Amino acid sequence: MTTLLPAAPARPARGPAFLGPLRPLVPLLPAALTTLACVVGCVVGGIAAGLLLAELGVRFGPAAVVAVVVATGLAAVVPRRPETMLAAVGLTLPLGPVPVGPVEVVQLTVAFAVVALLGRAALTHGLRLPAPALAVPLLAMLLSAALATPLARGSDVAFRLDVQLLLLVLLAVAAASALRSRRALVLVTASTVTGGAVAAGWALVSSGPSTTFYGGAVVSGRAQGVFSQPNELGLFSAVLLVVAIGFGTTATSRRQQLLCLVAGGLLAAALAQSLSRGAWIGAVAGLATLALLSPQARRPIGALAGAALAVVVVLQLAGAGIAEALLARLDSVLNASDNPYDQRGQIWAEALRQLAERPVTGQGPGGFPYAARGLSGEGIVLEIEHAHNLFLAAASEYGVPGLLALLALMAGVVVTAVRATRLLAAGPHPRDAGVPVALAAALVAVVAHGMVDYPLRNAAVVTTVFLVVALLGAWHLHGADVAAPPAPDPARAPDLHLADVPVVAVHPSLVPTPAGRAASAGGGAARPAAERPRAAARSGARLADLAGRVRGSERPDGPGETRAADLAGVVRPVAPRRPAPTAPDLPAPDPGARPEPADARPIGDTGAGEVDLDPAHRTTRTPLPPHQPTRAPRSTEDTR
């Protein structure tokens, strides 16, 4: 018999004798050396990283340092939380056109997010495309850009615009692949609203006094924030204002509601300070669409309109200059002819001329100002950057295919929003059905503003618009996921009603008791070989009796009742076990002997202190010790 003795405790290291009183510190030396190595490594690594960041800051500006630090932090989070990359895109919107070498911060963030998310989706086989209503128009836009680029007059501008369009289309694919849960969608939507609030707050802080000319047709000192002109700030604020109101009405968390309330106030103030008439028109169109399609958003929109009117009245009574600028700007909407510098009529005619010149390929991405140089009106040379119209700009630069792709994208937004609303309304969170409506209404603001202007040349503005499209597609896929019924499991047995199933005796080997475990371990050897066929016959008879009772108790009229035909595929007679081989050196078991009660000994223990290693002995009965007499089986009279 093997006896296990406890191991002797290890003696603590005493160290050399010459250390004297310092010998107790010897066990602490490895930890101290490890700590010292970590400190030295952090110092050396910090110095190297500092020198690298300093070199980047000297060459590309301080924004490059911030971009590298943010990208390093996000790279550590992407494997666990891929939605953080898209949240970073929304949070970098306030940086606007801050340059980082040849690109801008928001473009660099989009590129990093697309590469990280699509690479992860390809490795995990989780790549998904948006709904065909969105995917097909986006692909058509890429094809029209590829068709128009070879004939572009400004090749460098065309290349930059093509890369930007490709990244933004891939952003929609990355959002569809990464945003697979409601929590991820809420995080990215809230991050986008937060980025808009920060940009609006900075625009309000950096704005100065304004002065009106020509009856409000021309205003100086308008707020623009990080954007290159006030109209870009106006469209940015109008789009995210609609998103903030729609998202706030569907939010279930107090923090999200407070975020949307603060962001909505800042965005509304920035929209007013921009004094952009086109953005005001777009905001009114977007909010009207939201109020028409989302009943729960009507009260917040009415409260916002009342608060805006009250603020204007208070500012007018206080004699503030911004109130006069606002009223003069509103009056100039109906009297746009008072502005001598407004040449939109001639610009639109020039866009139609360029479209007629190249109806298939257009002038190429960004080619409108190159083809329109020299255009003048009343002796004034016009430096035109775009066609001041969304549809004319797309037609003149990308031709008829580009215009058709834009119209198809608008129709796809409507179809996707309707389907997403229906799917989410039937899901476990019906309040989420208002988010796709808000995103579609925000894109309505873009179209309404695009009737009189084209501010999508700014990287932050166009990224915001495509991010809204990507979120719409992701919410639609999430609605399809939660509304899809679970796939039926073919291996799952039909449910049985306990009220209709009689009680059946259970074999002792199936009961988790010592006797049951011993019977199961014995493999049926405890039962004599002559009784095994009879036991199998009795088991088959019991199963047949069970099927007959269930068939007799069947109630066809009851809903959800189990039919006997369904039970036939579940209850099958069990084939009897084959008798285990008997050792040749032991006598055959007596058919009339009663099996001995099982004890708690382990399998193979003979009771004499020895372990039986012969597998053939494990199937036979364990002989009792010589000093314990074997009890004869009881007779029928004893049983009575």
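Since the model is a prediction, treat every value here as computed from it, not as a measurement. (Residues numbered from 1 in each chain as written. Predicted model: local features only at pLDDT ≥ 70, side-chain atom pairs only at ≥ 80, totals over all residues. Heavy atoms only, no water.)

Asker: Quick question: what am I supposed to make of helix α13 (residues 344-357) here?
Answerer: Its 14 residues give α13 an end-to-end C-alpha distance of 20 Å, which sits within 8% of 20 Å, the value for a rise of 1.5 Å per residue. Looking only at α13, the buried set comprises Ile347, Glu350, Ala351, Gln354 and Leu355. Seen end-on, α13 carries its buried residues on one side only, within an arc spanning 140°. Opposite its buried face, α13 presents the exposed residues Gly345 and Ala356, each directed more than 90 degrees away. Those residues of α13 hidden inside the fold are in contact with α14 (368-371) and α15 (390-425). (Helix = DSSP H or I, 4+ residues; strand = E, 2+ residues; numbered from the N terminus. Expected span 1.5 Å × (residues − 1). Buried < 20%, exposed > 50% of the residue type's maximum accessible area, 1.4 Å probe, protein only. Arc of directions from axis to C-beta. Contact = heavy atoms within 4.5 Å.)

Asker: In this structure, what is going on with the packing of aromatic side chains? I would like to understand it.
Answerer: To describe a pair of aromatic rings, one takes the distance between the centres and the angle between the planes. The final tally for this structure, using the stated rule, is one aromatic pair. Both rings, one in Phe227 and one in Phe236, keep their centres 5.1 Å apart while their planes meet at 50°; by these two values the pair is tilted. Each member of the pair, Phe227 together with Phe236, is buried. (Phe/Tyr/Trp six-rings, centres within 6.5 Å; stacked < 30°, edge-to-face > 60°.)

Asker: Got a minute to help me understand the nonpolar core in this structure?
Answerer: Of all hydrophobic cores here, the largest spans 110 residues; its most connected members are Leu179, Leu290, Leu439 and Trp475. For Leu179, the contacting residues outside a window of four places in its chain are Glu83, Leu86, Arg128, Ala184, Leu185, Val188, Leu471 and Ala474. (Core = buried A, V, L, I, M, F, W, Y, C linked by side-chain atoms within 4.5 Å.)

Asker: Help me out: how do you make sense of a nonpolar patch on the surface in this one?
Answerer: There is a patch of nonpolar side chains on the surface, built from Val43, Ile47 and Leu51 and spanning about 300 Å² of accessible area. Note that Val43 resides in helix α1 (residues 29-60). (Patch = residues over 30% accessible without salt bridge, like charges linked within 9 Å, V, L, I, M, F, W, Y side chains within 5 Å. Areas by Shrake-Rupley, 256 points an atom, 1.4 Å probe, with all protein chains shown as cover. Salt bridge = Lys/Arg side-chain N within 4 Å of Asp/Glu carboxyl O.)

Asker: I keep staring at the packing of helix α4 (residues 105-123) against helix α17 (residues 459-483) and nothing clicks. Help me out?
Answerer: Helix-helix packing is described using two parameters, namely the angle between the two axes and the distance between the axes. Viewed as axis vectors pointing N to C, α4 and α17 meet at an angle of 35°, and their least axial separation amounts to 9 Å. Packed against α4, whose contacting residues are Val106, Gln107 and Val110, the element α17 presents Ala459, Ala460 and Thr463 at the interface. Grouping the constituent residues of the contact of α4 with α17 by class yields four nonpolar, two polar and no charged. (Axes fitted to C-alpha atoms, helices over the stretch in contact; angles between N-to-C directions. Nonpolar A, V, L, I, M, F, W, Y, C, P; charged D, E, K, R; others polar.)

Asker: How should the pattern of salt bridges be read in this particular structure?
Answerer: Two side chains that carry opposite charge are able to pair once their charged atoms sit near each other. With the rule as written, the count across this model stands at six salt bridges. Close ionic contact of Arg353 with Glu350 constitutes a salt bridge, the shortest N to O distance being 2.5 Å. Taken together, the residues span about one helical turn, with Arg353 and Glu350 both in helix α13 at a distance of three residues. Exposure remark for Arg353: the relative accessible area of 40% places this residue in the partly exposed category. Measuring nitrogen to oxygen at the nearest pair gives 2.5 Å for the salt bridge that ties Glu397 to Arg457. One end of the pair, Glu397, is in helix α15; the other, Arg457, is in the loop between α16 (434-450) and α17, and 60 residues separate them in sequence.

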